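Chain and residue survey
As a plain string of letters, each chain reads:
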Amino acid sequence: MPAAIEIRDVHKRFGDLHALSGIDLEVPCGEFFGLLGPNGAGKTTLISVLAGLVRADRGSARVMGHDVRSDYRAARRSLGVVPQELVFDPFFTVRETLSIQSGYFGMRDNLAWIDEVMQHLDLASKADVNMRALSGGMKRRVLVAQALVHKPPVIILDEPTAGVDVELRQALWRFIRRLNRDGHTVVLTTHYLEEAEALCGRIAMLKQGRVVALDSTSNLLKRVHHLLLRLRLAGELPAELRALEHGSTEDAHVLRLKTYDDVEPALSCIRRAGSRIEEMELLQPDLEDAFVDVMRRS
Amino acid sequence: MSGFATLLHKELLRFWKVSTQTIGAPVLTAALFLFIFGHVMEGRVRMYDSVPYTAFLVPGLVMMAVLQNAFANSSSSLIQSKITGNIIFVLLPPLSYGEFFAAYVLAAVVRGMVVGAAVMLVTLPFVDVEFRHPLWIVAFAFCGSAVLGALGMMAGIWAEKIDQVASFQNFLIMPLTFLSGVFYSIHSLPAFWQGLSHFNPFFYMIDGFRYGFFGVSDVHPLRSLAVVAAFLATVSGVTLVVLRSGYKLRH
């Protein structure tokens, strides 16, 4: 069985900007894959290459084994893309939008699936409402529905939860998780790293058009060889601990420690300095730490 | 439905849903032209020796409406989709560039012909017009609107702002239409302008179209059809090459 997504040595330049500098990536079928990186890292360009919206200068991209250029019909049929921008066609209702999108893919008698998708995304009550009259969150749901209307085996979501309320975010993830359980391959870009940590089995991190880390989410978390000690003190933090400070807030100090063995010396240092500990918490590193770590080192 | 049929259907729905603007408005404009020019000129001029001016004017106005609306349909659809970003919905599906071209041009042809027929219907109670060769009428309306549909696509693809499409329309399409013999027979022009008119492809569209009504024209209709067909082939060829290259659509 071919990989859901296979990207080989893809380069893309926009004028002087080298947006993608030799990306190699393979996403097997059924995976929930995360694509992370700061703004301008090339995530959207990479997705656009897969979707045929941007043509790579060099290299190849395949979806379910179909080359996105030479076999574009099969490649596009295999792919559903939820774009980052909140775009819509103001001439049509939700149902018309979905039925037109389904028709573009040559799907006949697709009304039952369209109804099911609308049901899952809580769009049924808005089926006959014009797109113009929908709230931002509702428009976002329609974009997701549009990407799913032709039942693609591979779904790419480009920051689908940007500016979306908590309720919709959770509903959306429940639905996407179910699709993934049913065998769909899901690729997600997001700025909410806790979201990627909770959902993605494997993650690629991009920086300046290159893959700088590619591993399972658990391995990426293991790479972070430190833990964080959060303290609220009555009194000052001793000067010798200041060097360990890591993202402290107004009412709490966060210290970055190498191992559990460093906890006791830090506490005794505070005691010696005459400060009192009012609150204390040991934090495990999360994906955000891994991300910051990778970005700093690469 | 196939992808092509859906895109065509969507393009038709798009103008049908705002038919007051896309059909009603051009019909009103054409009717005003007819009543004002007809009132001023009627009885003063006879065209082709026997045709009253108002009757002569009607096919010209109909064809002008056909051409301008065909252009407006494809150009405005593309530029609006590009500006709002919803062009992505037609770029993501497995549509070939040929299907893309055919759907937009055919929708432009339908819009042009529907507006043309509406203008014709509105003028019929007021003006006595003959229909000597209906097939010529249909052939020129089809080819003319297809040319303008393809030109509209080029403008829509090339332009990045709505005013660039408007410039294309106001500085190229409008002058070429007005100078093509909508309001006059080129035989009434001085020799130089008469000669120059023969380089305007729009002249052949209107002259051939008018032949269908009166059986009289400045140029033989076969020659006009050949010129219009050649122009259509050229414009379509260029548009297809542009679409294939992905120019301004697929970066």
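Residues numbered from 1 in each chain as written. Chains lettered and ligands numbered in written order. Predicted model: local features only at pLDDT ≥ 70, side-chain atom pairs only at ≥ 80, totals over all residues.

**Thoughts on unusual backbone geometry**
All names here are of chain A. The condition that has to hold: A run of H or I in DSSP becomes a helix once it reaches four residues, and a run of E becomes a strand once it reaches two; helices and strands are each numbered from the N terminus. Three exposure classes are used. Buried residues have 20 or more other C-beta atoms within 10 Å of their own C-beta, exposed residues have 12 or fewer, and partly exposed residues fall in between, all C-beta atoms being placed from the backbone.
Here M64, not a glycine, exhibits a phi torsion of approximately 50°, which is positive. Its place among the elements puts M64 in the loop between strand 4 (58–63) and strand 5 (66–67). Residue M64 is classed as buried on the basis of its 21 C-beta neighbours within 10 Å. With phi around 55°, D122 is a residue other than glycine that occupies positive phi space.

**Some details on the nonpolar core**
Put simply, the rule is: Remark: nonpolar core denotes a set of buried Ala, Val, Leu, Ile, Met, Phe, Trp, Tyr and Cys residues whose joining runs through C-beta atoms within 7 Å. For the purpose of contact definition, each residue receives a C-beta atom placed from its backbone, and two residues are in contact when these atoms lie within 7 Å.
Membership of the largest hydrophobic core comes to 151 residues, with the highest contact counts inside it found for L50(A), A145(A), I156(A), L61(B) and V147(B). Ranked by residue count, the leading element in this core is helix 3 (residues 53–84) of chain B, at 16 residues. Setting aside residues no more than four positions away along its own chain, A145(A) makes contact with L98(A), V117(A), M118(A), L121(A) and L123(A).

**Brief notes about the confidence of the model for chain B**
The condition is simple: Confidence scores here are pLDDT values: one per residue, from the predictor, ranging 0 to 100.
Looking at chain B, the pLDDT average stands at 90 and 96% of residues meet or exceed 70. At the level of chain-chain contacts, confidence expressed as ipTM amounts to 0.85, with global pTM at 0.84.

**Considering the domain arrangement of chain A**
Here is the rule we go by: Where each domain begins and ends is defined by an automated method or by a domain database.
With domains assigned, chain A is organised as domain 1 (5–221) and domain 2 (225–285). Between domain 1 of chain A and domain 2 of chain A, the C-alpha centre-to-centre distance is 42 Å.

**Regarding the sheet that holds strand 6 (residues 79–82) of chain A**
Pairing between the strands of a sheet comes from backbone hydrogen bonds, and it takes one of two forms, parallel or antiparallel. All names here are of chain A. Quick note on the threshold: What makes two strands pair is DSSP finding at least two bridges between them. What counts as an axis is a line fitted to C-alpha atoms, over the stretch in contact for a helix, and the angles between N-to-C directions run from 0 to 180 degrees.
In spatial order, the strands read 6-7-8-3-9-10; together these six strands make up an open sheet with mixed pairing. Both outer strands of the open sheet, strand 6 and strand 10 (210–216), are each paired with one neighbouring strand and no more. Taken over all neighbouring pairs, the strand axes of this sheet differ in orientation by 15° on average, direction set aside. Against the sheet, helix 5 (residues 136–148) contacts strand 6 and strand 7 (154–158), and its axis sits at roughly 170° relative to strand 6.

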